[in-house]
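# A look at the structure
Okay, here's what each chain looks like letter by letter:
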Amino acid sequence: MTGCLVMVRFRLVPGARRNAFLATAPEVTDWFARQPGFQYRTLVEGAGGSWMDLIWWDSTATAQAAARKFIGALGATAFMAAIDPRTIESGLHPVPYRGDGSIVERAPMPAPVFA
């Protein structure tokens with residue numbers, strides 16, 4: 001089975017506070033953890049106010065299924081309110097190599113997560 005990494009880049013809305021934003025992240029992680037195929041999630045803070053949300057899934061299919069439900073389930077949360085929607089860029093990326101040395105089958109490139 002090919003794993004899948006969802007990468008979401010964004011910036012916070014003007015006036016959003018870093019620590020307040022980070023305090024809202026566990027609610028989102030808890031939701032992901034209840035979705036089939038979820039493996040791991042981390043938030044990365046970049047230079048100049050950029051952020052990246054990295055979510056690992058066991059397959060492209062489970063990542064896409066979660067993406068279809070995400071906004072309906074979490075669109076009104078404090079986490080999403082802190083993100084400037086004009087800055088969101090996302091993509092699904094098949095994982096052809098794992099850290100344990102295994103090489104997995106090549107999968108077709110998936111459709112975008114959010115259109």
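The structure reproduced in this document is the subject of the present report. Here the residue numbers are simple positions, counted from 1 along each chain's written sequence. Note on the predicted model: pLDDT of at least 70 is required for a residue's local features to be given, and 80 or more for side-chain atom pairs to be given and counted; whole-chain, interface and lining totals, by contrast, use all residues. Hydrogens and water are ignored here; the side-chain numbers use all heavy atoms of the structure.

## Focus: the environment of Met7
Here is the rule we go by: Secondary structure elements follow DSSP: runs of H or I of four or more residues count as helices, runs of E of two or more count as strands, with numbering from the N terminus. Contacts are assigned to residue pairs with any non-hydrogen atoms lying within 4.5 Å of each other.
Of note, Met7 is situated in strand S1 (residues 3–11). Sequence spacing of Met7 and Ser90 is 83 residues, and the spatial spacing of their C-alpha atoms is 5.5 Å. Look past the residues within four positions of Met7 in its chain and what remains in contact with it is Met52, Asp53, Leu54, Glu89, Ser90, Gly91 and His93.

## What to know about the nonpolar core
Selection rule: Residues belong to a common nonpolar core when they are buried Ala, Val, Leu, Ile, Met, Phe, Trp, Tyr or Cys residues joined through side-chain atoms within 4.5 Å. A 1.4 Å probe rolled over the protein chains alone gives each residue an accessible area, and that area as a share of the maximum for its type sets the label: buried under 20%, exposed over 50%, partly exposed in between.
In this structure, Phe21, Phe32 and Trp57 are the most contacted members of the largest nonpolar core, which totals 23 residues. For this core, the secondary structure elements donating two or more residues are S1, helix H1 (18–33), strand S3 (50–57), helix H2 (60–74) and helix H3 (78–81). At five residues, H1 tops the list of elements feeding residues into this core. Sequence-distant contacts of Phe21, that is, excluding residues within four places in its chain, are made with Phe10, Leu12, Leu43, Trp51, Phe79, Ala82 and Ile83.

## Here we look at the sheet that holds strand S2 (residues 38–45)
Keep this limit in mind: What makes two strands pair is DSSP finding at least two bridges between them. Here an axis means a line fitted to C-alpha atoms, over the contact stretch when the element is a helix, while the angle between two N-to-C directions is reported on a 0 to 180 degree scale.
Spatially, the four strands line up as an open sheet ordered S2-S3-S1-S4, and their pairing is antiparallel. Two strands close off the open sheet at either side, each with one partner strand: S2 and strand S4 (89–95). Neighbour-to-neighbour, the strand axes of the sheet open up by a mean angle of 15°, direction not taken into account. Of the strand pairs in this sheet, S1 and S3 are connected by eight bridges, and their pairing is antiparallel. Paired with Met7 across the bridge in S3 is Leu54. Taken strand by strand, H1 contacts S1, S2 and S3, and its axis lies near 165° from that of S2.

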